[in-house]
Amino acid sequence: MVTHEDLTVMLSGPSLPQCVVLPKVDTPGDIQIFSSELKSALQGKNIQDKLNLIIQTESAIGLLNVQAICEQATEISKDSPFTLEGIIFGSDDFCADIGATRTEGAEELIYARQKIVVVAKAYGIQAIDMVHINFKDLESLRNQSLQGARMGFTGKQVIHPAQVPVVQEAFLPSREKLEWATQLIKAFEEHQKSDKGAFVFRGSMIDMPSLLQAKNIVELDKAVKESNSHM
């Protein structure tokens, strides 16, 4: 957990950070403590925007409680100077906690990773996948990143600059995927004028889940471009 002293140092500069990562969040009570300490550390400061909070799930009890933790954070944030932004899965501490052995395919972590995704999506926040500790093996990183993207993660931790472009490429929609999504949305809008249900697009039956997937792809591309324009 982040202590009062940690927060005081972090928030003592002329400019406040946009985001705070809270490690080893095991219970909803940890969020209550953080909120209280944050309010104390920010006392007397002129806050324009709330801080984004990203919690880390790194233990068995933390995984079991992650939904209750998100519920608590969402409720408390209504009257606190933070907004819950995402969950990071801390895989190495988690493996140590449950006595699992890390493998190349990460089969031992499928349940935990998928639960993080489900809870994050239920609360409308980011799901950030585990770190790939062998920073020299970029091909393995690429495969694991693509797997995480397919599972529904929105991003991935990195520990070396060389990992950044590999991870970004894996999580961003390809040019072909973006073209597919854009054209599907246009075709759907035209089809809506006929007041009918599902329709066929490029040989596949399209319904509302397919449309939602396409909209997610387009929105992700738009968000990345907007973010880059501010850098």
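The structure this text deals with has already been given above.
Just so it is clear, the model here is predicted, and its values are computed rather than measured. Residue positions are counted from 1 within each chain, in the order its sequence is given. Selection of residues for local features in this predicted model requires a pLDDT of at least 70, selection of side-chain atom pairs for listing and counting requires 80 or more, and totals for whole chains, interfaces and linings are taken over all residues. Only hydrogens and water are set aside when side-chain values are computed; all heavy atoms of the structure are taken into account.

**Let's talk about a nonpolar patch on the surface**
- The grouping of Ile-61, Leu-64 and Tyr-111 at the surface amounts to a nonpolar patch, some 340 Å² of accessible area in total.
- A run of DSSP states H or I qualifies as a helix once it reaches four residues; a run of E qualifies as a strand once it reaches two. Both are numbered from the N-terminal end. Inspection of the secondary structure assignment puts Tyr-111 in helix 6 (residues 110-122).
- A 1.4 Å probe rolled over the protein chains alone gives each residue an accessible area, and that area as a share of the maximum for its type sets the label: buried under 20%, exposed over 50%, partly exposed in between. By relative accessible area, Tyr-111 is classed as exposed at 55%. Patch definition: residues with relative accessible area over 30% and no salt bridge; like charges joined within 9 Å; nonpolar side chains (Val, Leu, Ile, Met, Phe, Trp, Tyr) joined within 5 Å. Per-residue and other accessible areas were derived by the Shrake-Rupley procedure at a 1.4 Å probe size, with only the shown protein chains allowed to occlude residues. Basic side-chain nitrogens of Lys or Arg form a salt bridge, by our definition, when they fall within 4 Å of a carboxyl oxygen of Asp or Glu.

**A look at the environment of Gln-163**
- Position of Gln-163 relative to the elements: it lies in helix 8 (residues 163-171).
- A relative accessible area of 0% means that Gln-163 is categorised as buried.
- Sequence separation between Gln-163 and Asp-137 is 26 residues; the distance between their C-alpha atoms is 9.3 Å.
- Residues in contact with Gln-163, not counting those within four places in the same chain, are His-132, Phe-135, Leu-141 and Val-158. Any pair of residues with heavy atoms lying within 4.5 Å of one another is described as a contacting pair.

**Let's talk about the packing of aromatic side chains**
- When the centres of two rings from Phe, Tyr and Trp lie within 6.5 Å, Trp using its six-membered ring, the rings pair. Their planes under 30 degrees apart give stacked, over 60 give edge-to-face, and anything left gives tilted. Scanning all chains against the criterion turns up three aromatic pairs.
- A ring pair is formed by Phe-34 and Phe-82, whose centres lie 5.6 Å apart and whose planes are at 65 degrees; its orientation type is edge-to-face. You can see Phe-34 sitting in helix 2 (residues 28-41) and its partner Phe-82 sitting in strand 3 (residues 82-89), a full 48 residues away along the chain. Each member of the pair, Phe-34 as well as Phe-82, is classed as buried.
- On the basis of an interplanar angle of 65 degrees and a centroid distance of 5.4 Å, the ring pair of Phe-89 and Phe-94 is categorised as edge-to-face.
- Phe-89 gets classed as buried once you look at its relative accessible area, which sits at 0%.

**Observations concerning the pattern of salt bridges**
- Under the defined criterion, the tally for this structure stands at nine salt bridges.
- Taken together, the shared-partner salt bridges in this structure form one network comprising Lys-24, Glu-58 and Asp-93.

**Some remarks on helix 9 (residues 175-192)**
- End to end, helix 9 covers 26 Å across 18 residues, agreeing with the expected 26 Å (1.5 Å per residue, within 8%).
- Residues of helix 9 that are buried include every one of Leu-178, Trp-180, Ala-181, Leu-184, Ile-185, Phe-188 and His-191, and no others. Seen from one end, helix 9 has its buried residues packed into an arc of 160 degrees, which puts them on one side. Those residues of helix 9 that are exposed and aimed more than 90 degrees away from the buried face are Arg-175, Glu-176 and Glu-190. Every helix has an expected span of 1.5 Å times one less than the residues it contains. Our arc is simply the arc of the directions from the helix axis toward the C-beta atoms.

**A short note on the side chain of Glu-58**
- With respect to the helices and strands, the residue Glu-58 is situated in the loop between strand 2 (51-57) and helix 3 (60-64).
- A distance of 2.7 Å separates the side chain of Glu-58 from the backbone nitrogen of Lys-24, its partner in a polar contact.
- Once residues within four sequence positions are removed from consideration, Glu-58 is found in contact with Pro-23, Lys-24, Gly-90, Asp-93 and Phe-94. For the purposes of these results, a polar contact is taken to be a pair of N or O atoms within 3.5 Å, where, inside protein, one atom must be able to donate a hydrogen and its partner to accept one; residues adjacent in sequence count only when each atom of the pair is a side-chain atom.

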